Amino acid sequence: MSITSLKARFARIVTEISEQRQSLALTYASDLTALVTDRLLNEGESAEGKKFPLYSETDLGSLAKRVVQASNKPSAKTKKGAGSYKEIRKKLGLPIDKRTHSFTGDMIKSVRPIVEKNDKYVTVIKISADNEFAQNKINWNSNKMKTNLLRANPKERELIEKLNQKRVQNIINK
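**Quick look at the pattern of salt bridges**
Should the charged atoms of two oppositely charged side chains come close, the side chains can pair.
Now for step 1: Throughout the structure, instances matching the rule amount to eight salt bridges.
Now for step 2: Between Glu-16 and Arg-12 there is a salt bridge, with the nearest N and O atoms lying 3.1 Å from each other. Note that Glu-16 and Arg-12 are positioned in helix H1 (residues 3–42) at a spacing of four residues, about one turn of the helix.
Now for step 3: According to the relative accessible area criterion, Glu-16 is buried, its value standing at 13%.
Now for step 4: Taking the shortest distance from any N to any O, the salt bridge between Arg-39 and Glu-156 comes out at 2.9 Å. Of the two residues, Arg-39 is situated in helix H1 and Glu-156 in helix H6 (residues 154–173); the sequence distance between them amounts to 117 residues. You'll find Arg-39 and Glu-156 in the same group, each marked buried.
Now for step 5: Connected via shared salt-bridge partners are Arg-12, Glu-16 and Lys-174.

Shown next, in the form of structure tokens:
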């Protein structure tokens, strides 16, 4: 292979990698978001592999009625001043055997990847809520659990890294 053809090949590789990076980074970030939210909802564990503590059994008193109203499920009744968060979740048919960080589902549904920076050399994707209220809930819950709820675990990161390596290898092998 001549120097000229090698230069042309490397130029093509660099161009293709740069052109595809942003769209594929968004795809990978979407996939990663789905993996993380699936783990939160179905496993109830942090990126570090620790199960989150179960829901509180402390009576909420007069706040119980507000919590039920926030659920948008008027059929779930609770006596005024009676009920823990765990009891309310049970009455609403929500999981109580693990902490899912989902009550109405709005917080988790709001999580989106967005391009924070994209240039010839780097693409930075930020995964966060698409509105301030939901992001505040994520931040509050993350602080309470002493971990970033949206952080990927090693297995999730490895999967995304393998997808990216495969993409680059496919471009190189063309």
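**Here we look at helix H5 (residues 132–145)**
Now for step 1: Taking 1.5 Å per residue, 14 residues should reach 20 Å; H5 reaches 20 Å between its end C-alpha atoms and fits that length.
Now for step 2: Turning to H5, the residues buried within the fold contact helix H4 (106–109), strand E1 (111–118) and strand E2 (123–129).
Now for step 3: Taking the backbone nitrogen of Phe-133 as reference, a side-chain oxygen 3.3 Å away marks Asn-131 as the first, capping residue of H5.
Now for step 4: Following H5 by one or two positions, Lys-146 has its phi on the positive side, about 60 degrees.

**Describing the side chain of Gln-135**
Now for step 1: Relative to the helices and strands, Gln-135 resides in helix H5.
Now for step 2: When its relative accessible area of 19% is taken as the criterion, Gln-135 is described as buried.
Now for step 3: From its side chain, Gln-135 meets the backbone nitrogen of Ala-129 in a polar contact 2.7 Å long.
Now for step 4: Ignoring any residue separated from it by four or fewer positions in sequence, one finds Gln-135 in contact with Ser-128 and Ala-129.

**Digging into the nonpolar core**
Now for step 1: Of all hydrophobic cores here, the largest spans 16 residues; its most connected members are Leu-40, Phe-52, Met-107, Ile-138 and Leu-149.
Now for step 2: Every element with two or more residues in this core is listed here: H1, H4 and H5.
Now for step 3: Ala-64, Ile-88, Leu-94 and Phe-103 belong to the second-largest nonpolar core, a separate cluster that totals seven residues.

Calculation rules
- Residues numbered from 1 in each chain as written.
- Predicted model: local features only at pLDDT ≥ 70, side-chain atom pairs only at ≥ 80, totals over all residues.
- Heavy atoms only, no water.
- Salt bridge = Lys/Arg side-chain N within 4 Å of Asp/Glu carboxyl O.
- Helix = DSSP H or I, 4+ residues; strand = E, 2+ residues; numbered from the N terminus.
- Buried < 20%, exposed > 50% of the residue type's maximum accessible area, 1.4 Å probe, protein only.
- Expected span 1.5 Å × (residues − 1).
- Contact = heavy atoms within 4.5 Å.
- Polar contact = N/O pair within 3.5 Å; in protein donor to acceptor, adjacent residues only side chain to side chain.
- Core = buried A, V, L, I, M, F, W, Y, C linked by side-chain atoms within 4.5 Å.

This is a description of form; function is not addressed.
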